[in-house]
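Below are the chains, spelled out letter by letter.
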Amino acid sequence: MQNRGAIWLFTILLAIACLYQISFSFVTSGFEKEATQFGKLKADSARIANPNLSSDEYDEIKDGFSEKYLKDNSTKEVYPVFGYTYSECKEKEISLGLDLQGGMSVTLEVSIPEMLVALSNDSKDPDFNKALELAKKRHLTSSANFITEFRKAYDEVAPNGKLAAVFSNRDNATKFPRTASNADIIKTLELEAKSAIDNVEKILRNRIDKFGVIQPTIQKQQYTGRILIDLPGVKDKARVRKVLQSTANLEFWETYKNEEIYAKLDAADKAMSETLYPGVRAAAEAKNKKDAGATDSTATASADSTKADTAKNSVEDLLGATDSSKSDTAKAGKNAEDPAKISPLFHAMRPAIYQDENGGMRLAPGCAVGYAAVSDTDKINAVIANPVFKASLPSDLRLLWASKPSNNVITLYAIKNTRDGKAPLDGSTIVNAAVDYNQRNEVEVTMKMNSEGARIWSDLTTKNAKEKGSIAIVLDESVQSAPTVNSPIPNGSSSISMGGANRAEQLNEATDLANILKAGALPAPASIVDEAIVGPSLGAENISAGIFSFLVALTVIVLYMWFYYNTAGLVADIALVASLFFIVGSLASLQAALTLPGIAGIILTIGISVDANVLIYERVKEELHLGKTLKEALNLGYKRASSAIIDGNLTTLLTAIVLTAFGTGPIRGFATTLIIGILCSLFSAIFISRLIFSAKRFENKNIKFSTRFTENLFRNANFDWVGSRKYYYMISAVVITAGLISMFTRGFSYGVDFTGGRTYTVQFEKPIVPDEVRTSLATPFGNAPEVKTIGGGNQLKITTNYLIEENNESTDAKVEQTLTDGLAPLNNKFKLLESRKVDGSISGDILKSAMFSVGFSLLIIFLYIFLRFRKWQFGLGALAALFHDIFLILSVFSLCHGYLPFSMEIDQHFIAALLTILGYSINDTVVVFDRIREYLRDKVGVDQKTIINNALNSTLGRTLNTSFTTFVVMLMIFIFGGDSIRGFVFALLLGIAIGTYSSLCVATPVVVDFGDKGDFTKG
């Protein structure tokens, strides 16, 4: 073997580099064990102090102190050899994916339509708005970007329209000149959209960096402009959603006083009642006149703001007070008429009033105009939006709710709008924000403005100090606070007080808000269109299942190779272990997250990696049977197997590259692992095993390539593959026909990836019947969800479209609460292990991307085979075999879904499995084709049928050995690898069996049937 010294040197250096990268994982693991021990000691102390501490409370205390220990010691040097701290080591270790440690993965989509509306200054141009709505509808099913769809729609709606008239105004005349053509405007909009997406990515990165998550992943998805974010280990889902989606649109508004607005609200309330329900209000007033008081309802407030706070906190008491306000009238009218008809507003909202020292009712000072229960806000919003109600109010009045309730009661504020709808001052002037405490020891966020902001702030506070007015601080259309201005503030400082009784909650919210303000406002709204949440308990189960299946698979392969190839099998085992070591080291150096599909990729690599050794060994055995010396047999074996090894692995590599280009999350992790595994296994099988053989040969060791049980196995195989091809066609045709009938009748079980919706993996304490769960959830969800058993009888997968069209921050929590309430009557304790949400706007894109991936892979494979073998018949045979494999697998998934006790959904994981199968199948086919080409070249003149049958029979040992080893390792994952990837692995098992069959019984017969017999045998 030439250059043996250079290869040894490279191998040693590679091993040292891998060992260095892997060492960080050992260091962090040891330090985290210290943290766990610290947490356990604290939890033990808590249990001594409180013997009744539950196991859940114990675990919560232990985990809390463990996390605190790690956070407090993040800068401690834990790797003294190289001087690395814990946080530095953590960044370099092999990270675990969400499915192995729990956490949250979200895909954010920047709202380009809302960005266009903002750039147009909320234009009311009918053509612009009509084109915008048309573009939104078309974009759902189009592969073009939104700006392109908008341009097409605008050209249709307004062929002679000028976009410059829509977008050009005083503030952005430079960006959108009045004289610009539509093409120029579109070009600018495309640049703005790209800039918005880039800026959103940067801002989100800044926010997440301050969020305290170790090893977050933030990447902009190619072609879609969406942003994928993985946050391992996070537990507060609602907080993450709020931080990621908040636009941080901070504004400072002048306000109306309660005394200025109450009478107008009363008039609007009355006008709406009389217009919509004539006579009802008058009848109720007449009936209850004798019980009404005579207190002047328009009395002005003279008490201070402390009394107003008392009024707010005593809403329940005030609702029972006796006075002539219309809310009391409505209350009195309950016995006669529907209060919502008598007083549409005040039947649900209490006005901002308080009781003075003399028992009289007074209007509270400030800009708060009413209080309502959170459950009534939807009804009040509907009243406020009614045109009849709005007609009685000032045109510049905006009614905004507080950002959060207090004791389930939320405040409504009166904001004074401006002529152009822009706030007098916004968050763009904020240069710094920090968490602090005010004089009452309440948590607050202090803000510092730039010089321009300080000037405007000084003018605003000076003006309102004279009038004892209030300034509302509004964040994302919700009022954070609305303090009364007592004196001018000339230095550009301001603050936002954080409400809520829970101090930890106040600190979290204040920290998040300060970080958002410092990171900057999102240039365009971003909404979560794809979300996956994995609980830590499921992550722990996945780790155990993944490691166990890996060890079992490795043991089986090591023993099998030793049994089949004797001492040469042990050499292959050494090369296999070296390959695994290099794979783990490479993953660590790339800082790629290891996921459960990634572990499956490593295990699949175990099966594929022995393929190269099998090819070499079978060739060596052939040469030894021909009487060659060991040295000659080894040289010829490696030489003649190299072509098939390179061709087979390269085609698998191409499909894995397609997966990395178009896949996301776990799929990309699987593909990355597969690529690294192919490269490492090739190096180990070709070079390391050769180095070992060279060393043994020089030591005069007797190397055997078979045992007495396997020495002549498949040696004298003489199957008539070509002559039996019609039977193979018939078998495949029958199965595919049955599958096609099933596809058109039963269809498939599609995952939420392709349909949109929410799916939850729920584990119950006791076994449960899916129909009971389906019935229990039908009413709260509006229709019965899809419920399937996965794993044991106590674990279900629940899929629903309930509220999937809503994108409010509170929707996800609302759906989870509805799920919890719907399952409660079953009296079977349960816990949520995993959840996934896919918005309808992204599911279509995922489906198109999946179809494109499969089509693109088929094209690449066809072209490679055509170029490599220089005959289109080989390319056609390979393509026919791949289509055959696809249809057979789809047939099984259509025929069997609903009958097997694991998920058989058509989703992204299925597509990943399908592409992997294509790569594996073509690997097998290429090896067969390579031998056929060799026989055709060396045995010209011999009958073609005989040549091809001999070629197939000569590769039978390699084909069955490789298929068996790969099948066995995947079977180990299927049995022991966990429920979440069982459907994925089942598809791979099918693919291995079907791919082996098609390479022998479909691909080659097609080559024979389409080949020119007069020319084909000439090679």
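Residues numbered from 1 in each chain as written. Predicted model: local features only at pLDDT ≥ 70, side-chain atom pairs only at ≥ 80, totals over all residues. Heavy atoms only, no water.

(A) Main features of the overall build of the protein chain. Assigned secondary structure in the protein chain consists of 35 helices and 25 strands. The buried share among the 1019 residues of the protein chain stands at 53%. Within the protein chain, counting contacts between residues at least 6 apart in sequence, those at least 24 apart form 74% of the total. Carbon and sulfur atoms form 56% of the exposed surface of the protein chain, whose accessible area is close to 45,900 Å². (Helix = DSSP H or I, 4+ residues; strand = E, 2+ residues; numbered from the N terminus. Buried < 20%, exposed > 50% of the residue type's maximum accessible area, 1.4 Å probe, protein only. Contact = heavy atoms within 4.5 Å. Areas by Shrake-Rupley, 256 points an atom, 1.4 Å probe, with all protein chains shown as cover.)

(B) Focus on the environment of Ala271. In this structure, Ala271 sits in helix H11 (residues 258-276). For the pair formed by Ala271 and Pro344, sequence separation is 73 residues and the distance between their alpha carbons is 9.9 Å.

(C) Structural detail: the sheet that holds strand E13 (residues 425-426). Strands sit in the order E13-E6-E16-E17 across an open sheet of four strands; the sheet is antiparallel. Only two strands of the sheet have a single partner each, and these edge strands are E13 and strand E17 (478-481). (Pairing = 2+ DSSP bridges.)

(D) How the structure looks around the sheet that holds strand E10 (residues 368-373). Ordered by their spatial adjacency, four strands build an open sheet running E7-E10-E12-E11, and the pairing between neighbours is antiparallel. Looking at the sheet topology across the chains shown, the edges are occupied by strand E7 (349-351) and strand E11 (397-401). Here the average twist between neighbouring strands, direction ignored, is 30°. Pairing of E11 with strand E12 (residues 409-416), which is carried by five bridges, proceeds in the antiparallel orientation. Bridging from a neighbouring strand, Trp401 pairs with Leu412 of E12. Where helix H17 (residues 377-385) meets the sheet, it contacts E7, E10, E11 and E12, and its direction lies at approximately 170° from that of E11. (Axes fitted to C-alpha atoms, helices over the stretch in contact; angles between N-to-C directions.)

(E) Just the packing of aromatic side chains, in detail. Scanning the entire structure with this criterion turns up 37 aromatic pairs. A ring pair is formed by Phe38 and Phe65, whose centres lie 6.4 Å apart and whose planes are at 70°; its orientation type is edge-to-face. Placement of Phe38 in helix H1 (residues 4-49) and of Phe65 in helix H2 (residues 55-72) is noted, with a sequence separation of 27 residues between them. These aromatic residues form a ring-pair network of at least three members: Tyr560, Tyr564, Tyr565, Tyr617, Phe693, Phe705 and Phe964. (Phe/Tyr/Trp six-rings, centres within 6.5 Å; stacked < 30°, edge-to-face > 60°.)

(F) Just the layout of surface pockets, in detail. Volume-wise, the second largest pocket comes out at about 600 Å³. Sorting the residues of the lining of the second largest pocket by element identifies helix H22 (596-625), helix H31 (908-938) and helix H32 (944-954) as the ones contributing at least two each. Ranked by the residues each element gives to the lining of the second largest pocket, the list is headed by H22, at six residues. Each residue belonging to the lining of the second largest pocket can be placed in one class, and the counts come to five nonpolar, six polar and twelve charged. (1 Å grid on protein atoms, 1.4 Å probe; cavity = no way out; pocket = protein on both sides within 12 Å on 5 of 7 lines; lining within 4 Å. Points joined across faces, edges and corners; volume = space filled by probe spheres on them. Nonpolar A, V, L, I, M, F, W, Y, C, P; charged D, E, K, R; others polar.)

(G) Highlighting the pairing of E10. Of all six residues in E10, five are buried; the element is thus mostly enclosed. The pairing of E7 with E10 spans three bridges and is antiparallel. Opposite Met349, over in E10, you have Ala372 as the bridge partner. With five bridges joining them, E10 and E12 adopt antiparallel strand pairing. Note that in E12 the partner of Gly370 across the bridge is Leu412.

(H) View of the packing of helix H5 (residues 112-119) against helix H6 (residues 126-139). It is at 11 Å that the axes of H5 and H6 come closest, and there the two elements cross at 170°. When the axis of H5 is compared with that of H6, the two are roughly antiparallel. When H5 is examined against H6, the residues Pro113, Leu116 and Val117 are found in contact with a partner set consisting of Phe128, Leu132 and Lys136. (Parallel < 35°, antiparallel > 145°, perpendicular 65-115°, else oblique.)

(I) Fine view of empty space enclosed by the protein. In total, this model carries seven cavities of 30 Å³ or more according to the counting rule given. In terms of lining, the largest cavity is formed by 13 residues, of which the most central are Leu615, Arg619, Val927, Arg931 and Thr955. Looking at the lining of the largest cavity, the elements that each hand over two or more residues are H22, helix H23 (630-662) and H31. Counting residues per element, the lining of the largest cavity draws most heavily on H22, at four residues.

(J) Broad picture of the nonpolar core. Of all hydrophobic cores here, the largest spans 130 residues; its most connected members are Tyr617, Phe693, Ile865, Phe893, Phe910, Ile932 and Met970. Leaving out residues up to four positions away in the same chain, Tyr617 has contacts with Tyr565, Ala568, Gly569, Val571, Ala572, Phe693 and Phe705. Core analysis: the second largest hydrophobic core is formed by 43 residues, Met349, Cys367, Ala368 and Ala372 among them. (Core = buried A, V, L, I, M, F, W, Y, C linked by side-chain atoms within 4.5 Å.)

(K) Up close: a negative patch on the surface. On the surface, Asp56, Glu57, Asp59, Glu60 and Asp63 cluster together into a patch of negative charge. Of note, Glu57 is situated in helix H2. (Patch = residues over 30% accessible without salt bridge, like charges linked within 9 Å, V, L, I, M, F, W, Y side chains within 5 Å. Salt bridge = Lys/Arg side-chain N within 4 Å of Asp/Glu carboxyl O. Lys, Arg positive; Asp, Glu negative; His and termini not counted. Charge placed at Lys NZ, Arg CZ, Asp CG, Glu CD.)

(L) Examining the side chain of Glu93 more closely. Along the polypeptide, Glu93 turns up in the loop between helix H3 (86-92) and helix H4 (98-101). At 2.6 Å, the side chain of Glu93 forms a polar contact with the side chain of Thr28. (Polar contact = N/O pair within 3.5 Å; in protein donor to acceptor, adjacent residues only side chain to side chain.)

(M) Focus on unusual backbone geometry. Of note, Asn566 is a non-glycine position whose phi angle comes to about 60°, a positive value. At Asn827, a position not held by glycine, the phi torsion is positive, near 55°. Within the secondary structure, Asn827 sits in the loop between helix H28 (811-823) and strand E24 (830-838).

(N) Seen up close, the state of the cysteines. Tallied over the entire structure, the rule returns zero disulfides. The thiol of Cys680 is not disulfide-bonded; the next cysteine sulfur, from Cys18, is found 7.0 Å away. (Disulfide = S-S within 2.5 Å.)

(O) Local environment of the side chain of Ser168. Among the secondary structure elements, Ser168 is positioned in the loop between helix H8 (163-167) and helix H9 (182-209). Ser168 gets classed as buried once you look at its relative accessible area, which sits at 7%. For Ser168, the side chain forms a polar contact with the main-chain oxygen of Phe176, separated by 2.8 Å. Residues in contact with Ser168, not counting those within four places in the same chain, are Ala173, Phe176, Pro177 and Arg178.

(P) Examining a nonpolar patch on the surface more closely. The grouping of Phe852, Phe856, Leu859, Leu863, Phe866, Leu867, Trp872 and Phe1010 at the surface amounts to a nonpolar patch, some 790 Å² of accessible area in total. The dominant element in the nonpolar patch, judged by the number of residues it contributes, is helix H29 (residues 840-869), at six residues. Tracing the sequence through the fold places Leu867 in helix H29.

(Q) The pairing of E11, seen in detail. Among the five residues that make up E11, five are buried, leaving the element largely enclosed by the rest of the structure. Of the two faces of E11, the one carrying Leu397, Leu399 and Trp401 and the one carrying Arg398 and Leu400 are both buried.

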